[in-house]
Amino acid sequence: MVNKSTHCLQFGSTAIGVKTNEGVVLGIEKKLPSSKLMEINKKSEKLVEIDRHCACAMSGIVGDARILIDHARVEAQNHSFNFNEPMGVEAVTQAVSDLAINFGEGYEGQKRKPMSRPYGVALLIGGVDENGPQLFQTDPSGTYCEWQADAIGSGQETAMTQLKEQYHSNMSLAEAEKMVLQVLKGNMEERICKDNVEVMVVRSDTRQCERRTPEEMERVIATLS
């Protein structure tokens, strides 16, 4: 029997992360509503800010991702309050993984209520801290790995092949952003446009998350081959 949590990742939206010396780029395919009666979310739920210096792209069950990301946000804010400094990106990732690996332990009020399954979501967590740009991937097993460039979701296999061919360690942030959109374009069933993709950048110089506007993405999309 296929584990439902793992099965969901095979059909989740494709997400790409790329680390450069100038910062980190995260991009996701944004699924458009299948019905014209459904309102379009202008701000994606699958590409979010954890802290000012750290962002996250997700693929899988959005509800599960919210639990993990809310936990990461609380840990980051507690660290910032207690130590007067931003929490390291790897420490944020570790906090997420610790919760994921202990899915069988939980409480409802004063009573222990274990979750019946692992969290069905993979995350790309990218940001900039005192160690420079960082990019990590977590999975439902609670493990995480550091990457220079990585992909998750339904197009992972094809996207990873393209990233291996195109990535180089000296690429600029602008080159990485273009590559992320190029790889997403090659893995999308629909024609890429400013409404069905989203990009967030964390720059090394400012250590701040910047969500690209539709107009900015449209200019980059126009240059894709």
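Below is a summary of the structure that appears in this document. Keep in mind that this is a model prediction, so the values were computed, not measured.

## Overview of the pattern of salt bridges
The final tally for this structure, using the stated rule, is seven salt bridges. Through salt bridges with shared partners, a single network forms among Glu177, Glu210 and Arg212.

## Description of the packing of helix H2 (residues 62-83) against helix H3 (residues 89-101)
Interaxial distance between H2 and H3 falls to 9 Å at its minimum, and their mutual angle equals 135°. Taken as axis vectors, H2 and H3 run oblique relative to one another. In the crossing of H2 with H3, the sense of the turn from one axis to the other is right-handed. Between H2 and H3, the contacting residues are Ile67, Leu68, His71, Ala72 and Glu75 on the first element and Val92, Ala95, Val96, Leu99 and Ala100 on the second. Its residues placed into classes, the contact of H2 with H3 shows eight nonpolar, one polar and one charged.

## Details of the sheet that holds strand E8 (residues 132-138)
Adjacent strands of a sheet pair through backbone hydrogen bonds, lying either parallel or antiparallel. Strand order in the open sheet formed by five strands is E3-E4-E7-E8-E9, and the pairing between neighbours is antiparallel. Looking at strand neighbours, the two that pair on one side only are strand E3 (47-51) and strand E9 (144-146), the edges of this open sheet. Direction aside, neighbouring strands of the sheet carry axes that sit 25° apart on average. Here strand E4 (residues 54-60) runs beside strand E7 (residues 121-129); their pairing, made up of seven bridges, is antiparallel. Residue pairing in the sheet places alanine 55 in a bridge with glycine 126 of E7.

## A look at the side chain of glutamine 134
Among the structural elements, glutamine 134 can be located in strand E8. What makes glutamine 134 buried here is its relative accessible area of 8%. Among the polar contacts listed, one links the side chain of glutamine 134 to the backbone oxygen of asparagine 131, at a separation of 3.3 Å. Within polar-contact distance, the side chain of glutamine 134 engages the backbone oxygen of glycine 132 at 3.5 Å. Once residues lying within four places of it in the same chain are set aside, the contact partners of glutamine 134 are Lys19, Val24, Val89, Ile125, Gly126, Gly127, Asp129 and Glu146.

## Some points on the side chain of threonine 20
Mapped onto the elements, threonine 20 comes out in strand E1 (residues 15-20). For threonine 20, a relative accessible area of 3% corresponds to the buried category. Among the polar contacts made by the side chain of threonine 20, one reaches the main-chain amide nitrogen of glutamate 22 at a distance of 3.0 Å. In this structure threonine 20 touches Pro133, Met171, Ser172, Leu173 and Ala176, once residues within four positions along its chain are discounted.

Quick notes on the rules
Residues numbered from 1 in each chain as written. Predicted model: local features only at pLDDT ≥ 70, side-chain atom pairs only at ≥ 80, totals over all residues. Heavy atoms only, no water. Salt bridge = Lys/Arg side-chain N within 4 Å of Asp/Glu carboxyl O. Axes fitted to C-alpha atoms, helices over the stretch in contact; angles between N-to-C directions. Helix = DSSP H or I, 4+ residues; strand = E, 2+ residues; numbered from the N terminus. Parallel < 35°, antiparallel > 145°, perpendicular 65-115°, else oblique. Left-handed = near helix turned anticlockwise from the far one by under 90°. Contact = heavy atoms within 4.5 Å. Nonpolar A, V, L, I, M, F, W, Y, C, P; charged D, E, K, R; others polar. Pairing = 2+ DSSP bridges. Buried < 20%, exposed > 50% of the residue type's maximum accessible area, 1.4 Å probe, protein only. Polar contact = N/O pair within 3.5 Å; in protein donor to acceptor, adjacent residues only side chain to side chain.

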